[in-house]
Amino acid sequence: MCGIIGYLGTHGAVPVLLDGLRRLEYRGYDSAGLAVVDEDDIRVLRAAGKLSNLEEKAWQTPLSGTLGIGHTRWATHGAPTEENAHPQTDASGTVAVVHNGILENYSRLRHKLLEGGTPLGSDTDTELIAQLLGRETGSLGERVLRVLPRLDGQYAVVALSREEPDTLVAFRNGPPLVIGLGEDETLVASDVTALVARTRRVVFLQNGDVAVISRDGLRIVDPHGRPVEREVETLDWDPGRAEKGGYRHFMLKEIHEQPDAIRNTVLSYLNADRSGVALDGLGFEPERLAGVRRIHLVACGTSWHAALVGKFYLEELTRLPVEVDYASEYRYRAPLVGEDTLVIGITQSGETADTLAAMEEAGEAGALLGTICNVRGSSAWRTATARLLTQAGPEIGVASTKAFTTQLVALLLVALGLRANRGLSDHRDTEIVAALQRLPLAMEAVLEIDSGRYRTGVELITAADDSLFLGRGTLYPIALEGALKLKEISYLHAEGYPAGEMKHGPIALIQEGFPVIAVATAIPTRDKLLGNLMEVRSRGAALIAVAEEEAAEVSRLVDLVLPVPPVSPMLQPILAVVPLQLLAYHVAVELGLDVDQPRNLAKSVTVE
Ligand code: M6R
């Protein structure tokens, strides 16, 4: 979703802002802009469409100044035009702001400003913040404190004023903001990806914080102006991991990073002799868990698919009942949650608005709050008391890949950890832990398969308008995930279904050449899946299956096998998703689409 970067330092602001915006592109956007204070005046450049349009303008209109703000906008209020792009300024041109989030009292504020004679130049809620700040008096920090009570909704805002060429003010309620403390420079951004190339010393702002960044240092106050202390943290992210590293797309690079990401995640949570899981110190302590009688998993999108697999892991290994909810539904359905419930928010970014709200709702009801998250220090990370970090590193491609497989690994580790806490461990645990350590090798074998193997699959899928992905048991969520990957980056319609449901409706879709992609590795219900496949085959479906190469009963039946090495049933979902990620990738490349930044999508969905 929208991206923010602010800079106060000794270098020219424009190149730093453009570099930051480039690094934020992955979040998804449809226009971009920047503002700098140049000779006591605010100079604004904005452009609809890709960042290259803004870069072109910056090239044609060179701006100097060492203080500036930049933004990539994902349209909410108003079309993605140049007028609606950020930064937005007030009518007198005194203040400029960039904003992530949504003002819920937009209509009322807009009406009042228009009634009071303030001319508005855009359809955005962001401009209203600039106008309100412009009508106040005093320092920028004082203006912000006076305007804050009038803002309802979610916002992360960075403001500058032509009257204070040495100050940025950043404030948040909802979407994240992080401040980077560099050598003779301070940055502020919506996520650390935009900062790590310049500094790793960061301060995460919390809701209600107002940060005044000046050449004298950083001062943070609460909404009443009272000073608050925030810890300076040092990030362990390697900036190189947020580059493409020779791959054509971030998505392809991230697919190939999965063996290492899994290795790192597994090794981070094993005991010293690597025979079992050690979750000590992560907030999953026995005394906290003693009263837990049920588990709720809340998540969105791909992370929700991980939760569906997690239900199998957790129920089988801990014998506790598990419910899985879309976070956007959970928060409004009055769930039966209390002190006996462990609620785990699963989220790559740690900033998904619905997942955070669901976690907060559960926290208020007294649940033990956990998170499986890929960003240390994110909002989910701070909200939870029990926390497991997926060691996937920065995920830039909008279509989630390595975050998903590490979430599955993390869920299995949590299930094993809880099982040990409940005194249920036996020889099976040791076998699963050993198999997990071998899994990266099996995944490397999948990644080594020649891309030509996907050719037939690409042809079958692109020849049709729709396709169905089928699976059973733990492989049904993988069918959902395969269909989501295809939809997201190829814009072709696809649905995931439990294979046993075909006869209850979807089989009506099948006709000559209709692509059906089956996740058909060796779980106990594979024979039943094969029966379902015969039914669609006899009606003309074109069949692609993810299966073990040696599974003759599968290869006899289908047009194309995307092979995976044999692994134990529990690990099959983690492996079987990889050929589906690659299939979606090759389809999107064949169609010439923007793999890493698909239309309309945002990497981090920070509004409801
Ligand atoms: O950061 P999160 O895991 O909370 O994000 C949840 C979804 O927005 C995300 O998984 C989305 O579905 C991806 N685009 C999937 O590829």
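Residues numbered from 1 in each chain as written. Predicted model: local features only at pLDDT ≥ 70, side-chain atom pairs only at ≥ 80, totals over all residues. Heavy atoms only, no water.

1. Some words on the domain arrangement of the protein
One can read the domain layout of the protein as domain 1 (3-243), domain 2 (253-443) and domain 3 (451-590). Taking the mean C-alpha position of each, domain 1 and domain 3 sit 45 Å from one another. (Domains from an automatic or database assignment.)

2. What about the packing of helix α4 (residues 125-135) against helix α5 (residues 140-147)?
Here α4 crosses α5 at 115°, and the two axes come no closer than 9 Å. As for how α4 packs across α5, the hand of that crossing is right-handed. Counted together, Leu 132, Leu 133 and Gly 134 of α4 and Arg 143, Val 144 and Val 147 of α5 form the full contact between these two elements. In terms of residue class, the contact of α4 with α5 is built from 4 nonpolar, 1 polar and 1 charged. (Axes fitted to C-alpha atoms, helices over the stretch in contact; angles between N-to-C directions. Helix = DSSP H or I, 4+ residues; strand = E, 2+ residues; numbered from the N terminus. Left-handed = near helix turned anticlockwise from the far one by under 90°. Contact = heavy atoms within 4.5 Å. Nonpolar A, V, L, I, M, F, W, Y, C, P; charged D, E, K, R; others polar.)

3. Comments concerning the site of the ligand
In the neighbourhood of the ligand, 13 residues make up the surrounding shell, with Ser 303, Gln 348, Ser 349, Thr 352 and Glu 488 lying closest. Note that an oxygen atom of the ligand is positioned 3.1 Å from one of the backbone N or O atoms of Thr 302. One of the side-chain N or O atoms of Ser 303 is found 2.6 Å from an oxygen atom in the ligand. Notes on the ligand: free accessible area 410 Å², of which the protein chains cover 91%. Of all the elements, helix α9 (residues 301-318) adds the most residues to the shell around the ligand, at 3 residues. Partitioning the shell around the ligand into residue classes produces 3 nonpolar, 8 polar and 2 charged. (Near = heavy atom within 4 Å. Polar contact = N/O pair within 3.5 Å; in protein donor to acceptor, adjacent residues only side chain to side chain. Areas by Shrake-Rupley, 256 points an atom, 1.4 Å probe, with all protein chains shown as cover.)

4. A few points about the sheet that holds strand β11 (residues 201-204)
In any sheet, the strands associate via hydrogen bonds between backbone groups, in a parallel or an antiparallel arrangement. Pairing is antiparallel across the open sheet formed by 8 strands, whose spatial order is β3-β2-β4-β1-β10-β9-β11-β14. The sheet is open, and its two borders are formed by β3 (41-48) and β14 (233-234), each paired with just one other strand. The sheet contact formed by strand β2 (residues 31-38) and strand β4 (residues 67-73) spans 6 bridges and is antiparallel. Following the sheet pairing, Ser 31 is matched in β4 by Arg 73. Of the strands in this sheet, β1 (3-8), β2, β4 and β10 (185-189) are in contact with helix α1 (residues 13-24), which crosses β1 at around 155°. Contacting β2 and β3, helix α2 (residues 51-60) crosses the sheet at an angle of about 140° to β3. (Pairing = 2+ DSSP bridges.)

5. As for the pattern of salt bridges
Scanning all chains against the criterion turns up 35 salt bridges. A salt bridge links Asp 325 to Arg 333; the shortest N-O distance between them is 2.7 Å. Residue Arg 333 is classed as partly exposed on the basis of its relative accessible area of 35%. For the salt bridge of Glu 590 with Arg 455, the shortest nitrogen-to-oxygen distance reads 3.4 Å. Residue Glu 590 is located in helix α19 (residues 572-590), and its partner Arg 455 is located in helix α15 (residues 455-462); the two are separated by 135 residues in the primary sequence. (Salt bridge = Lys/Arg side-chain N within 4 Å of Asp/Glu carboxyl O. Buried < 20%, exposed > 50% of the residue type's maximum accessible area, 1.4 Å probe, protein only.)

6. Let's talk about the pairing of strand β7 (residues 153-161)
Summarising burial for β7: 8 of the 9 residues are buried, a large majority. Relative to β7, strand β6 (residues 95-103) is paired through 9 bridges, and the arrangement is antiparallel. Of the residues in β7, the one forming a bridge with Gly 101 is Tyr 155. For β7 and strand β8 (residues 164-173), the ladder comprises 6 bridges, and the chain directions are antiparallel. When the bridges of β8 are listed, Ala 156 appears paired with Arg 172. If you look at the hairpin formed by β7 and β8, you'll find 2 residues sitting between the two strands.

7. What to know about the nonpolar core
Counting 107 residues, the largest nonpolar core has Leu 297 and Ile 478 as its most contacted members. Here this core takes 12 residues from α19, the largest share from any one element. Not counting residues up to four positions away in its chain, the partners in contact with Ile 478 are Val 309, Phe 404, Leu 408, Val 519, Pro 573, Ala 576, Val 577 and Leu 580. Grouped together as the second largest cluster of nonpolar side chains are 29 residues, Leu 18, Leu 21, Val 36 and Ala 189 included. (Core = buried A, V, L, I, M, F, W, Y, C linked by side-chain atoms within 4.5 Å.)

8. A word on the pairing of strand β21 (residues 493-498)
Each regular strand displays side chains that alternate between the two surfaces of the sheet. Pairing analysis gives 6 bridges linking strand β20 (residues 466-471) to β21, with the strands arranged parallel. Across the sheet, Asp 466 pairs through a bridge with His 493, a residue of β21. With helix α16 (residues 476-490) bridging β20 and the parallel β21, this β-α-β connection has right-handed handedness. (Right-handed = clockwise from strand over helix to strand, strands pointing away.)

9. Considerations on the packing of aromatic side chains
Enumeration over the complete set of coordinates arrives at 2 aromatic pairs. When the centroid spacing of 6.0 Å and the interplanar angle of 65° are considered together, the rings of Tyr 155 and Phe 171 count as edge-to-face. Taken together, the residues span a long stretch of sequence, with Tyr 155 in strand β7 and Phe 171 in strand β8 at a distance of 16 residues. Per residue, the accessibility class of Tyr 155 equals that of Phe 171, and both read buried. Judged by centre distance (3.9 Å) and plane angle (15°), the rings of Trp 304 and Tyr 326 are stacked. In this pair, Trp 304 sits in helix α9 while Tyr 326 sits in strand β16 (residues 322-326), placing the two residues 22 residues apart along the sequence. Given a relative accessible area of 12%, Trp 304 falls into the buried group. Look at Tyr 326 and you get partly exposed, because its relative accessible area is 39%. Its end group placed over the ring of Tyr 491, Arg 599 keeps NZ or CZ at 3.9 Å from the ring centre. (Phe/Tyr/Trp six-rings, centres within 6.5 Å; stacked < 30°, edge-to-face > 60°. Lys NZ or Arg CZ within 6 Å of the ring centre and 35° of its normal.)

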